[in-house]
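Reading the structure
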Amino acid sequence: MGDGIENQSAMAYRVLARKYRPSTFDDLIGQEPMVQTLTNAFRLGRIAQAYMLTGVRGVGKTTTARILARALNYETDAITEPTIDMPSHGVHCEAIINSSHIDVIEMDAASHTGIGDIREIIDAVKYKPASARYKVYIIDEVHMLSTAAFNGLLKTLEEPPEHVKFIFATTEIRKVPVTVLSRCQRFDLRRISGERMVEFLAGVSEKEAVAVSTEALGLVARASEGSVRDALSILDQAIAHCSTGEGENAGVTEDQMRDMLGYADRARVIDLFEHVMAGRVKEALAEIKAQSDTGTEPLVILSDLADFTHQVTTAKVAGAVPGGQALSDLERTRAEELAESLSIRVLSRAWQMLLKGIEDVQNANKPLAAADMVIVRLAYVADLPTPDEAIALIKKGGGALVGTDGGSPQPQVTGGGSPQTPPQAGGPMGHGSAMAAPLPAAAPLDQEPAAQAAPTSPTPRPTLATSNPTPAPATAPAPATAPVPAETPSLRIARFEDLVALAEEKRALTLRNALENHVCLIAFENGHLEFSPTEMAPKSLASD
């Protein structure tokens, strides 16, 4: 007897996503603009012939379609016309909510994609509804219909009988032909904000007599990404998986929710962010290893790091983290503190590197190793200036580019001088106007031999020294007796003909052809070529 009652109770249980499915427009959360538009339209009698509902999964497209079908056919002893206000169930409401009404036809376009399925609708629309006011066709995932099916539906959709209404739902609005969209009244259902989701889930938890901490509900809201159905499914799972005790003692804690979702502790994510931004590589690697050992996936760690980077950036730009995000007081406070000490350029660079790093971890055979390399890259560039800052620093003479990896030093930049332009790999002609182009390969006659030889060394990867660099020996004036490198004479070009011969020697055939056929020589001096292009010369001759 007892076992039979328990089995009957188990069979009667409904998941939260179905138990708390809205049945009226008042129950919908976060869709106020749509509700307001429909309320005015019904009050004025301006009811459209077709509706298109779009949005991400779980925001209530199919549920809204059923509520709209119920409103179109709402009928009681006192109400005999379409209305948004439905305080109680009418004649047709129960059957429409349960998807069993003969005049409200639901079709899943994912499994009925062909023109044959649409022909059945076209043939049936000419018949009046059996009992309801309107015959309503609800087509879910309408973007899955074939091109022939869409074309077959167009004429009926544009001029349907007065007793027929169409309601379409889709998650891929861009895949729906414009010809169909133009015949429908479109509503974009919004994602639910984090704070609104936490408030809704708190009400559900109270009705279910389960104590769930606000922090745990914040994790559910974050994991659901604005989808009410996903949030209710996660909460349902958490109650079954994490609840401790029975009745009033049942509850779900933040730590239990993190373990179930596989999320890292948010405080530890912020610690990792601080280690990375401070350039503490050892501590950052130890932290990501510790989080991985507790069961958090490397991809989740980097995703959380990217999320917090976004929060800090938002605080930097807006002055505070927006209240619409489901954040704890700790996250909000520390994000605002870090925003004061980090520049927007550094945060933007970290964001771009994390996006690329997340992609690398997704494709890596060893995700933890890939995540370690992302952290190392982030930590090593955290205190380096951005490219525009480096350029500004060089122009002001506040730093010097010096070679690393044992290479020859790059040209030094000092406050009173300008850097010598290094040779270009594309040929002797450098950047210039349409009438003149500099020739870096031809060194000025009064240039010191050591300074002439510097550009001919292999170009090392430079690093930026930002604090009172010691002048490199290469910048000191060379003794008068310093030997001239053997390569120097070959770099001197005294005549235009020598330039053509050099192009021939280096097999730069395109350059040689341009010099011979498209250049009218005006002047040729040390390191400078002035010419007039011919009529057939390409416009990019000087820059090329």
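Per chain, residue numbering runs from 1 following the sequence as it is written. Totals for whole chains, interfaces and linings use every residue, but because this is a predicted model, local features are given only for residues with pLDDT of at least 70 and side-chain atom pairs only at 80 or more, for both listing and counting. Values reported for side chains reflect all heavy atoms of the structure, with hydrogen atoms and water molecules removed beforehand.

1. Considerations on the overall build of the protein
For clarity, the cut-off: Starting at the N terminus, helices and strands are each numbered in turn, a helix being any DSSP run of H or I of at least four residues and a strand any DSSP run of E of at least two. Throughout this description, buried means an accessible area under 20% of the type-specific maximum (1.4 Å probe, protein chains only), exposed means over 50%, and partly exposed covers the range between. In what follows, residue pairs with any heavy atoms lying within 4.5 Å of each other are defined as contacts. Per-residue and other accessible areas were derived by the Shrake-Rupley procedure at a 1.4 Å probe size, with only the shown protein chains allowed to occlude residues.
Of regular secondary structure, the protein possesses 23 helices and twelve strands. Burial status across the protein gives 40% buried among its 544 residues. If you take every contact in the protein between residues at least 6 apart in sequence, the share linking residues at least 24 apart comes to 70%. Of the accessible surface of the protein, which amounts to about 29700 Å², a share of 52% is contributed by carbon and sulfur atoms.

2. Side note on the side chain of Ser-224
Looking at the element boundaries, Ser-224 is found in helix α10 (residues 214-224). Non-local contacts of Ser-224, meaning those with residues more than four positions away in its chain, are made with Arg-57, Met-197, Asp-230, Ala-231 and Ile-234.

3. Focus on the packing of aromatic side chains
Quick note on the threshold: Between the rings of Phe, Tyr and Trp (Trp by its six-membered ring), a pair exists once the centres lie within 6.5 Å; its type follows the angle of the planes, with under 30 degrees stacked, over 60 edge-to-face, and the other angles tilted.
Considering all chains together, one arrives at four aromatic pairs under this definition. Consider the rings of Tyr-137 and Phe-166, whose centres lie 5.6 Å apart with planes at 25 degrees: the pair is stacked. Here the residue Tyr-137 occupies a position in strand β3 (residues 135-140), and Phe-166 occupies one in strand β4 (residues 164-170), the gap between them amounting to 29 residues. The residues Tyr-137 and Phe-166 share a single accessibility class, namely buried. Consider the rings of Phe-273 and Phe-308, whose centres lie 5.1 Å apart with planes at 80 degrees: the pair is edge-to-face. Taken together, the residues Phe-273 in helix α13 (residues 266-277) and Phe-308 in helix α15 (residues 298-318) connect sequence positions 35 residues apart. Here Phe-308 falls in the buried class, since its relative accessible area comes to 0%.

4. Side note on the nonpolar core
Nonpolar side chains in soluble globular proteins tend to be buried together. To keep things clear, this is the line we draw: In these notes, a set of buried Ala, Val, Leu, Ile, Met, Phe, Trp, Tyr and Cys residues joined through side-chain atoms within 4.5 Å is what counts as a nonpolar core.
Membership of the largest hydrophobic core comes to 32 residues, with the highest contact counts inside it found for Phe-273, Leu-302, Leu-305, Val-312, Ile-375 and Leu-378. At the level of elements, α13, α14 (281-293), α15, α16 (329-341), α17 (344-363) and α18 (367-381) are the ones that each hand at least two residues to this core. By size, the runner-up hydrophobic cluster in this structure holds 29 residues, among which are Phe-42, Ala-71, Tyr-74 and Cys-93.

5. Examining the side chain of Thr-309
Turning to its location among the elements, Thr-309 is positioned in helix α15. When its relative accessible area of 1% is taken as the criterion, Thr-309 is described as buried. Among all residues touching Thr-309, those that are not within four sequence positions of it are Phe-273, Leu-347, Ala-350, Trp-351 and Leu-354.

6. As for the packing of helix α6 (residues 115-124) against helix α7 (residues 147-158)
Just so we agree on the cut-off: Angular values range over 0 to 180 degrees, each being the angle between N-to-C directions of two axes fitted as lines to C-alpha atoms, with helices fitted over their stretch in contact. Any angle that falls under 35 degrees is termed roughly parallel, while one over 145 is termed roughly antiparallel, one within 65 to 115 roughly perpendicular, and all others oblique. Throughout, a crossing is termed right-handed when the near helix is turned clockwise from the far one, and left-handed when it is turned anticlockwise from it by less than a right angle.
Closest axis-to-axis distance for the α6/α7 pair is 8 Å, and the angle between their directions is 15 degrees. With respect to each other, α6 and α7 are oriented roughly parallel. The hand of the α6/α7 crossing is right-handed. Here α6 contributes Ile-115, Ile-118 and Ile-122 to the contact with α7, which in turn contributes Ala-148, Ala-149, Gly-152, Leu-153 and Thr-156.

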